[in-house]
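Understanding the architecture of this molecule
Spelled out, the chains give:
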Amino acid sequence: MHRVFAVLCAAIIAMALPSVANAWGFYAHEKTAQIADANISPQSRAKIAQLLRSEELLGTPECSLSSLKSASVWPDCVRRTRWRWAYTAAWHYRTTPICEAYNPRANCSGGNCVTAQIERSHRILADESLPDHIRLEALAFMVHFAGDIHMPLHSGDKDDRGGNDRETDYGIVPSLNLHWIWDGPLAERAITSGARPVVRSYSESERSELGGGSPADWGRESWRIARDFVYPTAFDHQDVCGTELPNKTALSQEDIVAGVPIARRRVQQSGIRIAELIESAFAPGPLKQEDRR
């Protein structure tokens, strides 16, 4: 009974939001930032604190940027002010159709995609010659986009705007969409499941297993999950490329349970990789000089 009530509450919140949802709900994005914060050095934490003191210069009083946690959702908050931030909308994703070969350079004209913007933001953050508020904005974009790229439907789709156009029942909850299910209810269930909390200091072996790779690698991982799990599971059809998919489908409780560990791992990977991005951006010596070139 408690589980049904929790699912219904999540659905009510989900249905109150726009049909084209942000990548991962605020809850999941904030958890990735909290994972990162628990796994960076005191030196990096101090440098972030210094940048945060320049928040007022961003001119976004409606969107707080006072912590790493708030940085993780700041890019979604500011783009509500479309006259000022609409140009950033394409930065949140870079999809490759699941029935085509993954190409990390496609659909990214002028660097307007999530992979390019992670790299750009990292480079700006690493450049100590730039003003603190410029680097703070870059930090927020980097943290947020590193979360976005780990959500499978921001890297792979089937002519449906990352699942936004696929009406999908979530267990007993009707008429959500496939994208928002992976953004909201499924991600939240994944984060709150498991024997250990996702927000914690990870061991060196855990960080090694979850971390590493480049933004292009992370996008390929998400695309593969969309191709091999998200669409076949949602439509009960292994050959999703060889058939016309309906616009309406449903996830059974069995489907949801199967998706939980996948969604949980993506949140954990995102948090650890954000920590790695932060550490490398603030690292002294050759790495920083290379980033500046």
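Residues numbered from 1 in each chain as written. Predicted model: local features only at pLDDT ≥ 70, side-chain atom pairs only at ≥ 80, totals over all residues. Heavy atoms only, no water.

Quick word on the side chain of Asn177
The cut-off we apply is this: Every helix listed is a DSSP run of H or I at least four residues long, and every strand listed is a run of E at least two residues long, numbered separately from the N terminus. Per-residue accessibility, obtained with a 1.4 Å probe over protein chains only, is compared with the maximum for each type, and a residue is labelled buried under 20%, exposed over 50%, and partly exposed between these values. In the analysis that follows, any N or O atom pair within 3.5 Å is treated as a polar contact, provided that within protein one partner can donate a hydrogen and the other can accept it, and provided that, for residues neighboring in sequence, both atoms belong to side chains.
Mapped onto the elements of the fold, Asn177 is located in strand 4 (residues 173–177). Assessed through its relative accessible area of 8%, Asn177 is described here as buried. A distance of 2.7 Å separates a polar side-chain atom of Asn177 from the backbone nitrogen of Trp180.

Section: the packing of helix 2 (residues 26–37) against helix 10 (residues 185–192)
For clarity, the threshold we go by: Lines fitted to the C-alpha atoms define the axes, with helices restricted to the stretch that makes contact. Angles between their N-to-C directions range from 0 to 180 degrees. When an angle is under 35 degrees it counts as roughly parallel; over 145 it counts as roughly antiparallel; between 65 and 115 it counts as roughly perpendicular; any other value is oblique. In what follows, a contact means two residues having at least one pair of non-hydrogen atoms within 4.5 Å. Under the scheme applied, nonpolar residues are Ala, Val, Leu, Ile, Met, Phe, Trp, Tyr, Cys and Pro; charged residues are Asp, Glu, Lys and Arg; polar residues are all the others, including Gly.
Packing of helix 2 against helix 10 brings their axes to within 9 Å, and their N-to-C directions diverge by 40°. When the axes of helix 2 and helix 10 are compared, the pair comes out oblique. Packed against helix 2, whose contacting residues are Tyr27, Ala28 and Lys31, the element helix 10 presents Ala187, Glu188, Ile191 and Thr192 at the interface. Counted by class, the contact of helix 2 with helix 10 contains four nonpolar, one polar and two charged residues.

With respect to helix 8 (residues 132–148)
Condition: Given a helix with a known number of residues, its expected span is that number minus one, times 1.5 Å.
Here helix 8 is 17 residues long and its end C-alpha atoms lie 24 Å apart, about the 24 Å a rise of 1.5 Å per residue gives. Counting buried positions over the 17 residues of helix 8 gives 13, a clear majority of the element.

A word on the packing of aromatic side chains
Which entries qualify depends on this criterion: Side-chain rings of Phe, Tyr and Trp, where Trp is taken by its six-membered ring, are said to pair if the distance between their centres is within 6.5 Å; with planes under 30 degrees apart they count as stacked, over 60 as edge-to-face, and otherwise as tilted. Should the NZ of a Lys or the CZ of an Arg lie within 6 Å of a ring centre and within 35 degrees of the ring normal, that charge is described as sitting over the ring.
Under the defined criterion, the tally for this structure stands at eleven aromatic pairs. Joined through ring pairs, the aromatic side chains of Trp74, Trp85, Tyr87, Trp91, Phe141 and Phe145 make up one cluster. In this arrangement the basic side chain of Arg200 is found over the ring face of Tyr202, its NZ or CZ atom lying 3.9 Å from the centre.

Comments concerning helix 2
Helix length check: helix 2 (twelve residues) gives 16 Å between terminal C-alpha atoms against 16 Å at 1.5 Å per residue, within 8%. Turning to helix 2, its buried residues number three or more, namely Ala28, His29, Lys31, Thr32, Ala33, Ile35 and Ala36. Looking at the buried residues of helix 2, the elements they touch are helix 4 (68–71), helix 5 (74–78), helix 8, helix 10 and helix 13 (253–282).

Comments concerning the pairing of strand 3 (residues 167–170)
This is how it is decided: Any two strands between which DSSP finds at least two bridges are classified as paired.
Bridge count between strand 3 and strand 4: three bridges; the pairing is antiparallel. By the bridge assignment, Thr168 is partnered in strand 4 with Leu176. The hairpin turn running from strand 3 into strand 4, its antiparallel successor, is two residues long, and Gly171 in that turn takes a positive phi close to 60°. Of the strand pairs in this sheet, strand 3 and strand 5 (residues 248–251) are connected by four bridges, and their pairing is parallel. Paired with Thr168 across the bridge in strand 5 is Thr249.

Some words on unusual backbone geometry
Not every positive phi belongs to a glycine, and Asn107 is a case in point at roughly 55°. As for its position among the elements, Asn107 is in the loop between strand 1 (96–97) and helix 7 (114–126). Positive phi, normally seen in glycine, also occurs at Arg161, with a value near 55°. Tracing the sequence through the fold places Arg161 in the loop between strand 2 (156–157) and strand 3. Given the relative accessible area of 46%, Arg161 is considered partly exposed.

With respect to the nonpolar core
Test applied: For our purposes a nonpolar core is just a set of buried Ala, Val, Leu, Ile, Met, Phe, Trp, Tyr and Cys residues, chained together by side-chain atoms within 4.5 Å.
In terms of nonpolar packing, the biggest core is built from 38 residues, with Ile48, Leu65, Leu68, Trp74, Leu125, Leu139 and Ile278 touching the most fellow members. When residues of this core are assigned to their parent elements, the largest contribution, nine residues, is made by helix 8. Among all residues touching Ile278, those that are not within four sequence positions of it are Ile40, Ser44, Ile48, Leu68, Leu139 and Met142. Listed in part, the 26 residues of the second largest apolar core include Leu178, Ala226, Leu245 and Leu251.

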